[in-house]
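Each chain is listed here by its residues.
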Amino acid sequence: MKIIDSHMHVGLAGFDPQVILRQMDREGVEMSWLLTWEEIDPPLKELYTGLPPGPVLEACSQYPDRFIPFYAPDPSNRDPGKIIQKYSEMGIRGCGELKVSLRWEDPLIEKYLEVVQAHNFPLVFHMEQPRFQYIRPGEGFFQWLLERLLNDKFNGVSRYYLNRLAETTGILRKKIEKNRICFPGILFDFAFLEKRVVQFPGIRFIAHGPDFWNQISISLHPRYIHQKGTYDTFGIIDRLLESYPNFYCDISGVSGFNALHRDRRMARIFLGKHAEKILFGTDNTGLPLLELLRSMKPGKEKMDLILRENALRVLE
Ligand SMILES: [Zn+2]
C-alpha cells in the first residue's frame with residue numbers, strides 16, 4: 001500500500017524536505033501534498049507562521065515523485081485570481097491550506113471560490129472558533145504561566161476555570177480583560193459553508209481543524225479546545241459528508257487524531273460510513289495516526305480509500 005499524506009507543510013517546526021522525506025520513508029508514505037499558509041494581516045501575529053509557496057514549489061521540483069504542490073493565497077489579496085492563475089501555470093495542483101480569519105459568508109470568499117472552481121482545484125481549509133486570546137503584558141515566569149493557562153494549556157480546561165473564577169469572584173478579572181484580544185475565528189460558519197458547497201459543486205471541499213472535528217459529536221462542552229469523551233449521536237459533519245458528493249475531510253492534526261481517538265466505537269462507525277470521503281494526513285504532528293487507523297480495522301478496501309485512493313480522486 002502506497003500511502004499519500006494529504007496534509008503536510010514544509011518549513012513548519014523544523015520540517016525541511018529532508019526531514020519530511022525521512023519521515024515518509026519510515027511510515028511508508030509515497031507522496032505528500034505540501035500546503036501553504038498565507039494570511040496578509042493575521043489577527044494573532046503570535047500564532048501565525050507564514051508558509052509561503054516558494055519553498056513548496058522548490059521542494060516539489062526537487063522531488064517531483066514525492067511531493068505535490070498546493071497554494072492558497074489569502075483571498076484578501078488585491079487580485080487572488082491572478083495569483084492563482086500564475087501559480088497554476090507554475091504547477092500547483094490545488095488550493096490549500098486556506099486558513100484565514102474570514103467567514104464563508106464573505107463576498108471575498110465567493111469570488112475566491114469562483115476562481116478555485118474555474119481551475120478545477122480541490123480546496124483544503126481549516127476551521128476554528130472565535131475566542132479570547134490572552135497576551136502576556138510583560139516578561140517573567142508568572143506572566144508566561146498565566147498566558148499558557150489562559151490559552152491552550154490542558155486542552156482549554158485551565159482557561160475555562162480561570163475565566164469562571166474571574167467572572168464570579170473578580171480575582172484576576174481586570175488583568176484578564178485588559179490583556180486579552182478577540183480572535184475572530186477561521187471559516188467557522190457552518191451554515192454558510194453548506195451554502196458554498198452547494199453553490200460550487202465543481203470544488204472538492206476538504207475540511208479539517210478543531211472546529212470541524214469537534215462537530216463529529218452533537219454535544220459540545222465549552223471547557224475543551226478539542227472535545228473529549230464518548231458520545232451517541234454524530235454532529236453536523238456526518239450530515240455534510242453524507243449529503244454532498246463534493247464535501248471531504250482530512251484527519252490530520254491533533255484535532256483529527258483526537259476526533260478518532262476520543263470514542264473508538266463511534267470512530268469505527270464513522271470511518272465505515274465515510275471511507276470514500278476521508279483523506280489521510282498528518283499536518284506535521286508525528287502522532288501515531290496510522291497505528292490508530294489500523295487498530296480500528298476498517299477493512300482493506302476502506303483503508304486503501306483513506307490512505308491513498310481518495311487523495312488521487314480529488315486531484316482528478
Ligand atoms: Zn495544516
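It should be emphasised that the depicted structure is a prediction, and the values quoted were computed from it without experimental measurement. (Residues numbered from 1 in each chain as written. Predicted model: local features only at pLDDT ≥ 70, side-chain atom pairs only at ≥ 80, totals over all residues.)

Remarks on the sheet that holds strand β5 (residues 123-126)
Phase 1 of the analysis: One open sheet accounts for five strands, arranged β4-β5-β8-β9-β10; its pairing is parallel. Here the strands that pair on one side only, and so sit at the sheet edges, are β4 (95-98) and β10 (278-279).
Phase 2 of the analysis: Both β5 and strand β8 (residues 205-208) contribute to a ladder of four bridges, which runs parallel. Opposite H126, over in β8, you have H208 as the bridge partner. (Pairing = 2+ DSSP bridges. Helix = DSSP H or I, 4+ residues; strand = E, 2+ residues; numbered from the N terminus.)

Topic: the pairing of strand β1 (residues 3-8)
Phase 1 of the analysis: Burial analysis of β1 places six of its six residues in the buried class, the great majority of the element.
Phase 2 of the analysis: The pairing of β1 with strand β2 (residues 29-34) spans four bridges and is parallel. In the strand pairing of β2, I3 is matched with V29.
Phase 3 of the analysis: A crossover links β1 with its parallel partner β2, the connecting element being helix α1 (residues 17-27), and its sense is right-handed. (Buried ≥ 20, exposed ≤ 12 C-beta atoms within 10 Å, placed from the backbone. Right-handed = clockwise from strand over helix to strand, strands pointing away.)

So, the sheet that holds β2
Phase 1 of the analysis: Reading across from one edge, β1-β2-β3 is the order of the three strands in this open sheet, with parallel pairing throughout. The sheet terminates laterally at β1 and β3 (67-69), the two strands that pair on one side only. Ignoring strand direction, the axes of neighbouring strands in this sheet form an average angle of 20°.
Phase 2 of the analysis: Looking at chain direction, β2 and β3 are connected through three bridges and run parallel. Across the sheet, the residue bridging to S32 is F67, located in β3.
Phase 3 of the analysis: Where α1 meets the sheet, it contacts β1 and β2, and its direction lies at approximately 140° from that of β2.
Phase 4 of the analysis: Most of the contacts of helix α2 (residues 53-62) go to β3, to which it runs at about 140°, and overall it touches β2 and β3. (Axes fitted to C-alpha atoms, helices over the stretch in contact; angles between N-to-C directions. Contact = placed C-beta atoms within 7 Å.)

Brief notes about the nonpolar core
Phase 1 of the analysis: In this structure, L34, F70, L123 and I206 are the most contacted members of the largest nonpolar core, which totals 72 residues.
Phase 2 of the analysis: Ranked by the residues each element gives to this core, the list is headed by helix α14 (residues 300-314), at six residues.
Phase 3 of the analysis: Not counting residues up to four positions away in its chain, the partners in contact with I206 are P122, L123, V124, Y248, C249, D250, L279 and V314. (Core = buried A, V, L, I, M, F, W, Y, C linked by C-beta atoms within 7 Å.)

Details of unusual backbone geometry
Phase 1 of the analysis: In this structure, the amide linkage connecting G96 to the following residue, E97, adopts the cis form with an omega of 0°.
Phase 2 of the analysis: For E97, the position within the fold is in strand β4.
Phase 3 of the analysis: Residues other than glycine seldom take positive phi values, yet L172 does so here, at roughly 70°.
Phase 4 of the analysis: Residue classification places L172 among the partly exposed positions, given that 14 C-beta atoms sit within 10 Å.

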